[in-house]
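If you want the building blocks of each chain, they are given just below.
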Amino acid sequence: MLRFFKIVGILLVGLLGILIFNAVRYTPVENAPLKPMTLIQPDANALAAQLSEAITFQTISWESGNPDDYASFIALQQWLETTYPNVFAQLELTRINTHTLLLRWQGSEATGQPVLFSAHYDVVPVNPGTENEWTHSPFAGDIADNYVWGRGALDDKSAVVGLMASVSGLLKTGFTPKQDIYVALTHDEELGSEDGAVALTQWFRDQSITPAWSLDEGSFVLDGIVPGVDKGIASINVSEKGYLTLKLIAHGEGGHSSMPPENTAVTVLAEALVKLKDAPLPGGLEGISEKMYGDIARNMDFSKRLLFANLWLFKPLLSSVLDDTKSGNAMMRTTTAPTMLSGSVKSNVLPATATATINFRLHPRDTVEDVVNWVTAAIDDERIDVKMGEFTEASPVAATDNDGFTQLVQTTRAVYPNTIITPGLTIAATDSRFYGDITNAYRFNPMVINNDDLEGFHGTNERISIENLVRATQFYTALMQQQ
Ligand SMILES: [Zn+2]
């Protein structure tokens, strides 16, 4: 017996040794040596002034259609032409559905694939009733406290200005890229991209042009947003989640509610909803989420490194801990969100049908068909019809072992030293879900944002620091210089 405990003891010490050994070695990955990169020093005041002016054009995407017949969009396009005249003089302009601008910078060799930089210049409206909560009027373009304030400052006119200023500045130095560079400024991202990115993607197909990669919005350098990490996290997102709405329609006996049957359409539906809640779609720490949490954990304290360094043992535990957080759950699986319910139209009438609307956000591991099959099997009730509503598949996952991703990582390291760089997954929808059909679509705005800044996103007091505008311009310029 003593011998047994001795053996168990030795094994435990050995196991602990392995766990600790792995954890000690689990430190930030030594990246390839940093390519020497000389960053430009752009004129911060000029950039701030450009963004400030861009914000004053109320290029709002209204769900109900455009009331001023795109006058503000046309005015902004004219402003671009006057502000960056050399760009329009030297690059070839193609208009896609009038308001999306595609600029082609012809490469000197152009033997390889071109690349595509993209940003949208439409903005969401100011939420009704919140006008007074803005410390600076949303379309004044105020510059104050080292920030430029207003709707579009973050989403996404800062990228428009950063890209245009970069091209303009490089043209002035006489730079010509080797490969073609396309810069797209789209106009309906906030409405679903039908006339912009969708048509643009089709244009590339029609011309038989396949960009090597595209870079557009969809993530930032996150500062203080992930608890327990004091470094910034540059999440260069390689895919985005899809979207699916399903209607569950339960059938029952209608009639007066004074003598109800044991089950009505409502109770049948309620049972189905509980079954769905108890059967979340499969998912866990794998693929993008494993890489992302792993890259971050390498920079965390010893206890977390101990867990992530030993996924062979702790993966189930970590998956279930992350599952309990809203963001972890969304990163690891297709989410299920019941959003609307309806039954009978009167309090004393039994419903002949009861309907629930369920919104799913599809993880790249699932297709729309997978989700429909999963839901049908989970409910397993013939009294319920499952009807498809709107849907988009999750995007293909862009490569991380190609030149494009390496250039993005290298340029991020040059502009943001001492930052964790990792591939990630965009939870919301962007123009890139269409670019992803023809190229490796990366989603990353090279700007730092914290929790306060996040509130401005489609919210109030949207702003961006002038420092960020400078960094973004350094980033875009350095990246263009590598083409
Ligand atoms: Zn946006």
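Residues numbered from 1 in each chain as written. Predicted model: local features only at pLDDT ≥ 70, side-chain atom pairs only at ≥ 80, totals over all residues. Heavy atoms only, no water.

1. Some thoughts on the overall build of the protein chain
Convention followed: Put simply, DSSP H or I for four residues or longer makes a helix, DSSP E for two residues or longer makes a strand, and each gets a number counted from the N terminus. Note on classification: 1.4 Å probe, protein chains only; a residue is buried when its accessible area is under 20% of the maximum for its type, exposed when over 50%, partly exposed between these limits. Any pair of residues with heavy atoms lying within 4.5 Å of one another is described as a contacting pair. All accessibility values rest on the Shrake-Rupley procedure with a 1.4 Å probe; residue burial counts only the protein chains present in the view. Under the convention used here, Asp and Glu are negative, Lys and Arg are positive, and both His and the chain ends fall outside the count. Charge coordinates come from a single atom per side chain, which is NZ of Lys, CZ of Arg, CG of Asp or CD of Glu.
If you tally the helices and strands in the protein chain, you get 16 helices and 19 strands. Over its C-alpha atoms, taken along the principal directions, the protein chain stretches across nearly 80 × 75 × 50 Å. By residue count, 51% of the 483 residues in the protein chain fall in the buried class. Across the protein chain, every contact between residues at least 6 apart in sequence was considered, and the portion connecting residues at least 24 apart equals 83%. Accessible surface, the protein chain as shown: approximately 22300 Å² in total, 55% of it carbon and sulfur. Averaged over its 33 positive side-chain charges, the protein chain has a centre that lies 10 Å from the centre of its 56 negative ones.

2. Examining the environment of Gly-294
Mapped onto the secondary structure, Gly-294 falls in helix H8 (residues 287-297). A relative accessible area of 5% places Gly-294 in the buried class. Sequence spacing of Gly-294 and Ser-52 is 242 residues, and the spatial spacing of their C-alpha atoms is 39 Å. Excluding its chain neighbours within four sequence positions, the residues that come into contact with Gly-294 are Tyr-26, Ser-289 and Phe-308.

3. Notes on the domain arrangement of the protein chain
Interface size is often expressed as the accessible area that is lost when the parts come together. Put simply, the rule is: Here the bounds of each domain stem from an automatic or database domain assignment. Buried area: the sum, over both parts, of the accessible surface (1.4 Å probe) that disappears when the two are put together. By convention in these notes, a salt bridge is any Lys or Arg side-chain nitrogen within 4 Å of a carboxyl oxygen on Asp or Glu. The definition of a polar contact used here is a pair of N or O atoms within 3.5 Å, where within protein one atom must be able to donate a hydrogen and the other to accept one, and adjacent residues in sequence count solely through side-chain atom pairs.
Here the domain parsing of the protein chain yields domain 1 (44-238 + 396-481) and domain 2 (241-392). Between the C-alpha centres of domain 1 and domain 2 there is a distance of 33 Å. Listed as interface residues are 17 residues of domain 1 and, on the opposing side, 14 residues of domain 2. Together domain 1 and domain 2 conceal approximately 1300 Å² of surface at their shared face, both sides included; 73% is due to carbon and sulfur atoms. At the boundary of domain 1 with domain 2, the tally comes to zero salt bridges. At the surface where domain 1 touches domain 2, the tally comes to three residue pairs in polar contact (both at pLDDT 80 or more). Mapped onto the side of domain 1 that touches domain 2, the elements with two or more residues apiece are strand E9 (233-240) and strand E16 (420-426). In terms of residue count, the dominant contributor to the side of domain 1 that touches domain 2 is E16 (seven residues).

4. A word on the coordination of the zinc ion
The line we're drawing: Donor atoms: N, O and S within 2.8 Å of the metal, or within 3.2 Å for Na, K and Ca. Because water is excluded, sites can look incomplete. Geometry assignment treats four donors as tetrahedral when all angles are between 85 and 135 degrees, treats four as square planar and six as octahedral when opposite donors are over 155 degrees apart and all others between 65 and 115, and treats everything else as irregular.
With distances of 1.9 to 2.6 Å, the protein atoms coordinating the zinc ion are His-120 (NE2), Asp-155 (OD), Glu-217 (OE) and Glu-217 (OE). Classification of the site at the zinc ion as irregular follows from its four donor atoms and the range of 54 to 152 degrees in their angles at the metal.

5. A short note on the sheet that holds strand E12 (residues 335-342)
Two modes of strand pairing occur in sheets, parallel and antiparallel, and in both the strands are linked by backbone hydrogen bonds. Using the following cut-off: A pair of strands counts as paired when DSSP detects no fewer than two bridges linking them. Here an axis means a line fitted to C-alpha atoms, over the contact stretch when the element is a helix, while the angle between two N-to-C directions is reported on a 0 to 180 degree scale.
A sheet is described by the order of its strands in space; here four strands give the open sequence E12-E14-E10-E15, paired in antiparallel fashion. Bordering the open sheet on either side are E12 and strand E15 (384-392), each of which pairs with just one other strand. Neighbour to neighbour, the strand axes of the sheet diverge by 20 degrees on average, direction disregarded. In this structure, strand E10 (residues 242-251) lies alongside E15, joined through seven bridges in antiparallel fashion. Counterpart to Leu-248 in the pairing with E15 is Val-386. Set on the sheet, helix H7 (residues 265-277) makes contact with E10, E12, strand E14 (353-362) and E15; between it and E14 the angle comes to about 20 degrees. Helix H12 (residues 368-379) contacts E10, E14 and E15 of the sheet and is inclined by roughly 30 degrees relative to E10.

6. Some words on helix H2 (residues 44-56)
Owing to its 3.6 residues per turn, the α-helix aligns residues three or four sequence positions apart on the same side. Which entries qualify depends on this criterion: Expected helix span is given by 1.5 Å per residue-to-residue step, counting one fewer step than there are residues.
Compared with an ideal rise of 1.5 Å per residue, which puts 13 residues at 18 Å, H2 spans 19 Å between its outermost C-alpha atoms and is within 8% of the ideal. Taken residue by residue, H2 has Leu-47, Ala-48, Gln-50, Leu-51, Ser-52, Ala-54 and Ile-55 as its buried positions. Taking the backbone nitrogen of Asn-45 as reference, a side-chain oxygen 3.1 Å away marks Asp-43 as the first, capping residue of H2.

7. Quick notes on the UniProt feature "domain: Peptidase M20 dimerisation" (unreviewed entry) in the protein chain
Stated formally: UniProt positions are given in the numbering used here, feature names are shortened, and annotations may be inferred rather than shown by experiment.
Following the UniProt record, the feature "domain: Peptidase M20 dimerisation" (unreviewed entry) maps to residues 239-382 here. As annotated, residues 239-382 comprises 44% helix and 24% strand, and the C-alpha atoms at either end are separated by 36 Å.

8. Description of the sheet that holds strand E4 (residues 143-144)
Pairing within the open sheet is antiparallel, and its three strands lie in the order E4-E5-E19. Two strands close off the open sheet at either side, each with one partner strand: E4 and strand E19 (463-465). Looking at chain direction, strand E5 (residues 147-149) and E19 are connected through three bridges and run antiparallel. From the neighbouring strand, Val-148 faces E19, where its bridge partner is Ile-464.

9. Topic: the nonpolar core
Here is the rule: By nonpolar core is meant a set of buried Ala, Val, Leu, Ile, Met, Phe, Trp, Tyr and Cys residues that side-chain atoms within 4.5 Å join together.
Leu-80, Phe-117 and Leu-215 are the most contacted members of the largest nonpolar core, which has 87 residues in total. Three or more residues apiece are contributed to this core by two domains, here domain 1 (44-238 + 396-481) and domain 2 (241-392). With residues up to four places along the chain from it excluded, the contact list for Leu-80 reads Phe-88, Leu-101, Val-160, Met-164 and Leu-185. With 22 residues, the next largest nonpolar core counts Leu-276, Ile-358, Val-371 and Ala-394 among its residues.

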